[in-house]
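Analysis of the macromolecular model
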Amino acid sequence: MKIHTAALSSLAFMALPTTAAARVVPLPASPEGIAQAIAALPALRDSLPAGEPVEMVLPAGRIRLSAPIVIDAAHGGTPAHRLILRGADQGASWLSGARDVPTRPAQANDAQANDAQASDASGHPLPSGTRVAEWGDLPFTPALIPHGTYVNTGEQGLLLFQGGQRLYPTRWPAQTRVTAVIEGPLAQGPVLRLPSDMPAALWGEQAAWVAAYWGTVWSYESAPLQGLNPASHSAKVAPLRSPPDGQPKADFYLANLVSQLGQSGRFYWPPAQKRALFTPVSGGGEVELAVATTLLRLQGAAHVTLRHIGFERASGDLVTLAQDQDVIIEDCHLRQSGRNGLVVRGGKQVQIRHTVVEQTGETGIILQGGDRASLTRGDNVIADSVVAEFGQESPTYRPGVKLEGVGNALRDSLITGGPHTGVMLWGNDLAVERNEISHVLRDAEDMGAVYMGADWTLRGTRLAGNYIHDLGGQRKTYFLSAIYLDDQFSSADISGNILVGGDHSIVFAGGRDNHATGNLMLSPKRASLHFDARGLTFQAGRREEFAAKAAKVPYQSALWLRHYPALATLTPENFGHPAGNLFAGNLVLGAKLVASEPADLNFDAMLTQDNNRTGPALDSTLPNLAQQRLPDGRRLLVATQAQRLQDLVAQLAVTPLSGAQMAPSANAGR
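In the nomenclature of an unreviewed UniProt entry, the protein chain corresponds to Right-handed parallel beta-helix repeat-containing protein from the organism Novosphingobium umbonatum.

What follows is the structure, encoded as structure tokens:
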């Protein structure tokens, strides 16, 4: 199955029946009225018989917010009176963090960052059709802000939309990147030696930004330029947060360039101004500016259901939960955030189901919960959901789903469309089961569609029954994989998965007690399994680092040893030694079984292999997989899971509100 954002862009909602025996509270179409209704909830609960839920119903249409709706411990539900906040029975109910802004034809001095009268920052006339969006009445000034692997974005970013489609800053090159030499420390603001054939108009830019991979393929960061010097073909960059790793070169593009106006759907922002110049998208439409950072915030609430609601266009996270219990989010649609779509920090028994999250600047869903020291489970679950087109502002380490904590799970869902990893895990007893993960790693190297790493005590991971395919895209790669246990990650159970493509299907990168059994691996370019002993070679110097991480939890306590008996062998003399690994009962078509690093590594005592089979490559496109036979005569029936997910998308897809159509996004990182 191949589902792009275009297929998801018309998702809205089904009409749902009113909950039986509930006290129904119709909500007004104003933020103030909603806040008043929530404030009155405790008194309403006190007047109801035990067992009667309170059902607050949003009207159909859009309610525009400038601040989040807040539900705290006192204003949520109780065991006797569940709170249900839901959309209308007929039509779609949207909470939007954007407001309309007026536009007009641009004039030459609109591009100035001050009151000086000049043609524009580059000395060139503005292209015909350039318009200006203005928001002079706002009490704050939205601005371009840094994004990146090591950047914790928490400011009020500048998000513009037209006709439901997000606008991005102008850039050069328009679609690709070029390479420059880095001089000086990143933390103090490096100098870039730029290409000598760069267009002359760019040297006059006064408000340019740079977005680059700083020395490594995982260290993306955007930052403003502090100056361009045409004489030396160089640019001074603001101080960066990225570490000084890798090579002294940057793959970069420049952004926020007035000389590049004319690119459809892109804008130029004069610094500190409450306006932007833009080239309209095809088809035009009203222009909107995100004014709310977050739309809904649950804080310590319990016994709450969010149902049949749309959340869109906030400069931060669309919906956040913090230390909540027994919360159900179902049949909802979250889209177009500057940061993350849905964030669950702590709490327990949070269920996210039958929900779509798409077009997020950073991660789609962050799901935390549980306590590692005591191995207390969070039991938070994402199920029967779709997460698509994530990492649009920060294209490294911003996955579709990030699972953290203890005892949380991602099940029966579709994760599709991202420049980097699809699913990241950091915790214990985490489960990723029966999902389809596709069209990820589109601009990545040395990464996996499912990724975890760098801690010996993150144990009990289960990856089962997943279908992972269509990996990579924009880069020539050597080390992409479907499942990547990086930097000595240990104790993963990988079973019954269908893994298509990549350089390797699975990577065991020096860890212990990892088991890969009963998987089907189709046509990886190098081998089905990469195996190394890096803890004894190039990562031997990190033993103290990893030992310090392990010491943060009581991994040699009776509780932990009962839960993970293999930890009894994780003693100082064994630090960094891979052992207890199993690769058995797998079927590999179109590739060899194992590639080790180094190639002559004697890993017999580190990895047990048993009953693995190989065969010739099959046509691995989805429509053909179900029709083909394996070497032993069995049909390869993988279409059932994909069809179920496709049915889910079709079930959700109805006519959206006017202006809600969204076009597929272009390259990540913008």
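Read on, since the account is not over.
**Section: the overall build of the protein chain**
Helices and strands together make up the secondary structure of the protein chain, namely 7 helices and 56 strands. Put simply, the protein chain has 670 residues, and 60% of those count as buried. Within the protein chain, counting contacts between residues at least 6 apart in sequence, those at least 24 apart form 71% of the total. Within the structure as shown, the protein chain displays about 24,000 Å² of accessible surface, and the carbon and sulfur contribution to it stands at 52%.

**Considering the packing of aromatic side chains**
Tallied over the entire structure, the rule returns 9 aromatic pairs. Measuring from ring centre to ring centre gives 6.1 Å for Tyr397 and Tyr451, while their planes differ by 70°; the resulting arrangement is edge-to-face. Remark: Tyr451 occurs in strand 42 (residues 447-453) and Tyr397 occurs in the loop between strand 35 (386-388) and strand 36 (401-406); sequence separation between them is 54 residues. Lying over the aromatic face of Phe161, Arg313 brings its terminal NZ or CZ to 5.3 Å of the ring centre. Of note, Arg475 hangs over the ring of Tyr213, and the distance from its end group to the ring centre comes to 4.7 Å.

**Points about the sheet that holds strand 10 (residues 160-162)**
Spatial strand order, 7-21-10-11-19-20-9-8: 8 strands in an open sheet with mixed pairing. Each edge of the open sheet carries a strand with a single partner, namely strand 7 (98-100) and strand 8 (103-105). Averaged over all pairs of adjacent strands, the angle between strand axes in this sheet comes to 35°, irrespective of strand direction.

**Section: unusual backbone geometry**
For the bond from Trp172 to Pro173, the omega torsion is -10°, close enough to zero to count as cis. By the element assignment, Pro173 lies in the loop between strand 12 (171-172) and strand 13 (178-183). Positive phi, close to 55°, is recorded for Asp331, a residue that is not glycine. We note that Leu441 has phi near 60°; this positive angle belongs to a residue other than glycine. With respect to the secondary-structure elements, Leu441 resides in the loop between strand 41 (436-440) and strand 42.

**Observations regarding the nonpolar core**
Within the largest apolar cluster, 93 residues are counted, with the highest numbers of intra-cluster contacts made by Met56 and Ile483. Not counting residues within four places of it along the chain, the set of residues in contact with Met56 comprises Val25, Leu27, Ala37, Ile38, Leu41, Leu83, Ile84, Leu85 and Arg86.

**Section: the pattern of salt bridges**
Enumeration over the complete set of coordinates arrives at 36 salt bridges. We note a salt bridge from Arg166 to Glu393, for which the minimum N-O separation is 2.3 Å. On the criterion of sequence distance, the pair formed by Arg166 in strand 11 (residues 165-169) and Glu393 in the loop between strand 35 and strand 36 is long-range, its members being 227 residues apart. No difference in accessibility class separates Arg166 from Glu393, as the two residues are buried. One salt-bridge network, held together by shared partners, links Arg62, Arg64, Asp100, Glu288, Glu312, Arg313 and Arg335.

**Considerations on helix 2 (residues 31-39)**
Buried residues of helix 2: Gly33, Ile34, Ala37 and Ile38, and no others. Mapping the buried residues of helix 2 onto a view down its axis gives an arc of 135°, with all of them on the same face. For helix 2, exposure combined with an orientation more than 90 degrees from the buried face picks out Glu32, Gln36 and Ala39. In the core, the buried residues of helix 2 are packed alongside helix 3 (41-46), strand 2 (54-57), strand 3 (61-64) and strand 4 (69-72).

**A few points about the environment of Pro190**
Tracing the sequence through the fold places Pro190 in the loop between strand 13 and strand 14 (191-193). Distance from Pro190 to Pro239, taken between C-alpha atoms, is 7.1 Å for residues 49 residues apart in sequence. In this view, Pro190 contacts Ile182, Glu183, Gly184, Pro185, Trp214, Ala235, Lys236, Val237, Ala238 and Leu240; residues no more than four positions away in its chain are not counted.

**Quick look at the sheet that holds strand 22 (residues 296-299)**
With parallel pairing, the 12 strands of this open sheet are ordered in space as 4-22-25-28-31-36-39-42-45-48-51-54. Either end of the sheet is taken by a strand with one partner, and the two such strands are strand 4 and strand 54 (594-597). Sheet twist, expressed as the average angle between the axes of neighbouring strands with direction ignored, equals 10°. Across 2 bridges, strand 39 (residues 423-428) lies against strand 42 in parallel orientation. Within strand 42, the position partnered with Met424 by the bridge is Tyr451.

**Focus: the pairing of strand 42**
For strand 42, the buried fraction is high: 7 of the 7 residues fall into the buried class. In this structure, strand 42 lies alongside strand 45 (residues 480-486), joined through 6 bridges in parallel fashion. Opposite Gly453, over in strand 45, you have Asp486 as the bridge partner.

**So, the pairing of strand 4**
As a general feature of sheets, a regular strand has side chains that alternate between the two faces. The two faces of strand 4 differ: Ile69 and Ile71 on one face are buried, but Val70 and Asp72 on the other face are not. Across 4 bridges, the pairing between strand 4 and strand 22 is parallel. When the sheet's bridge partners are listed, Val70 is paired in strand 22 with Arg297.

Conventions used here
Residues numbered from 1 in each chain as written. Predicted model: local features only at pLDDT ≥ 70, side-chain atom pairs only at ≥ 80, totals over all residues. Heavy atoms only, no water. Helix = DSSP H or I, 4+ residues; strand = E, 2+ residues; numbered from the N terminus. Buried < 20%, exposed > 50% of the residue type's maximum accessible area, 1.4 Å probe, protein only. Contact = heavy atoms within 4.5 Å. Areas by Shrake-Rupley, 256 points an atom, 1.4 Å probe, with all protein chains shown as cover. Phe/Tyr/Trp six-rings, centres within 6.5 Å; stacked < 30°, edge-to-face > 60°. Lys NZ or Arg CZ within 6 Å of the ring centre and 35° of its normal. Pairing = 2+ DSSP bridges. Axes fitted to C-alpha atoms, helices over the stretch in contact; angles between N-to-C directions. Core = buried A, V, L, I, M, F, W, Y, C linked by side-chain atoms within 4.5 Å. Salt bridge = Lys/Arg side-chain N within 4 Å of Asp/Glu carboxyl O. Arc of directions from axis to C-beta.

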